[in-house]
Amino acid sequence: MRTLLALFSALLAYTSAVYATALTYRLEAHEKACFFARVDNKGTKLAFYFAVQSGGAFDVDYSVVGPTDKVILDGTKERQGDFVFTANDVGDYRFCFNNEMSTFAEKMVDFEIAVENEAARAKIPSKQGSSPEQTSVIEESILKISAQLSTISRNQKYFRTRENRNFSTVKSTEKRIFNFSLMESALIMTMAGLQVFIVRFFFQGARKGYV
């Protein structure tokens, strides 16, 4: 029982050292949007994930810039990305999305910024008489659970992105089919009217010839 309590306390200590922000943002055409994360200690790990859920070709330009205006990550026309890097400078890190390449298509972007301060992690509480080996086993268990939770979270994000993109594709295809049906109906009605006009023209010409 004490081992479970120690494990639970360690998990709370581990999660309390991670600060994350997850948002969904509508990026208009010709728009550039930036978001900021504050880092107070060197060596802090930053995790950055994004995925374009809908709009255009499901792609966007992105960049990550440090406090000294140094470009850490960048890419063009990417559908999604998942990165982890170490912050070597203290200050505000800038995460930007750029949709200036699009003429009219707006993009729905899901993204998450997580700041993990390893120095802020509390030590695992241990009972009296416990050996370092037992504490090490608990640490390994925590790392395994954390890795499994990260895997589950990544799979959920992946399937959510696929679902949203498939839904957007189906919706776009449905709209195209509807527009094509309207055009086809209008063309059929135009052809029918033109045929009636031609037939009437021939009969009127034939009557004038008999007269």
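What you see is a predicted model, and the numbers here were worked out from it, not measured in a lab.

Conventions we followed
Residues numbered from 1 in each chain as written. Predicted model: local features only at pLDDT ≥ 70, side-chain atom pairs only at ≥ 80, totals over all residues. Heavy atoms only, no water. Helix = DSSP H or I, 4+ residues; strand = E, 2+ residues; numbered from the N terminus. Contact = heavy atoms within 4.5 Å. 1 Å grid on protein atoms, 1.4 Å probe; cavity = no way out; pocket = protein on both sides within 12 Å on 5 of 7 lines; lining within 4 Å. Points joined across faces, edges and corners; volume = space filled by probe spheres on them. Domains from an automatic or database assignment. Pairing = 2+ DSSP bridges. Axes fitted to C-alpha atoms, helices over the stretch in contact; angles between N-to-C directions.

Colleague: Explain the environment of Lys70 here, please?
Modeller: Looking at the secondary structure, you find Lys70 in the loop between strand E4 (60-65) and strand E5 (71-78). Between the alpha carbons of Lys70 and Tyr93 there is a distance of 9.8 Å; along the sequence they are 23 residues apart. Every residue in contact with Lys70, bar those within four places of it in the chain, is listed here: Val64 and Val65.

Colleague: Even after reading the chapter, I still don't get the layout of surface pockets, so can you show me in this structure?
Modeller: Sizing a probe to match a water molecule and rolling it over the atoms shows the empty space that remains. One number sums up the size of the second largest pocket: a volume of about 500 Å³. Gly55, Ser168, Thr169, Lys171 and Ser172 are, among the 17 residues lining the second largest pocket, the residues nearest its centre. Among the elements of the structure, strand E3 (44-54), strand E8 (107-116) and helix H2 (132-210) are those that each provide at least two residues to the lining of the second largest pocket. When residues are assigned to domains, the lining of the second largest pocket turns out to be shared by domain 1 (21-116) and domain 2 (145-205), each giving three or more.

Colleague: Which parts of the structure should I look at to understand the sheet that holds E5?
Modeller: Paired through backbone hydrogen bonds, the strands of a sheet run either parallel or antiparallel to each other. Strand order across the open sheet formed by 4 strands is E2-E7-E4-E5, with antiparallel pairing between neighbours. Edge positions in the open sheet fall to strand E2 (32-39) and E5, since each of these has one partner strand only. With direction set aside, neighbouring strand axes in the sheet form an average angle of 10°. Bridge count for E4 against strand E7 (residues 91-98) is 5 bridges, and the pairing is antiparallel. Along E7, the bridge assignment pairs Val65 with Arg94.

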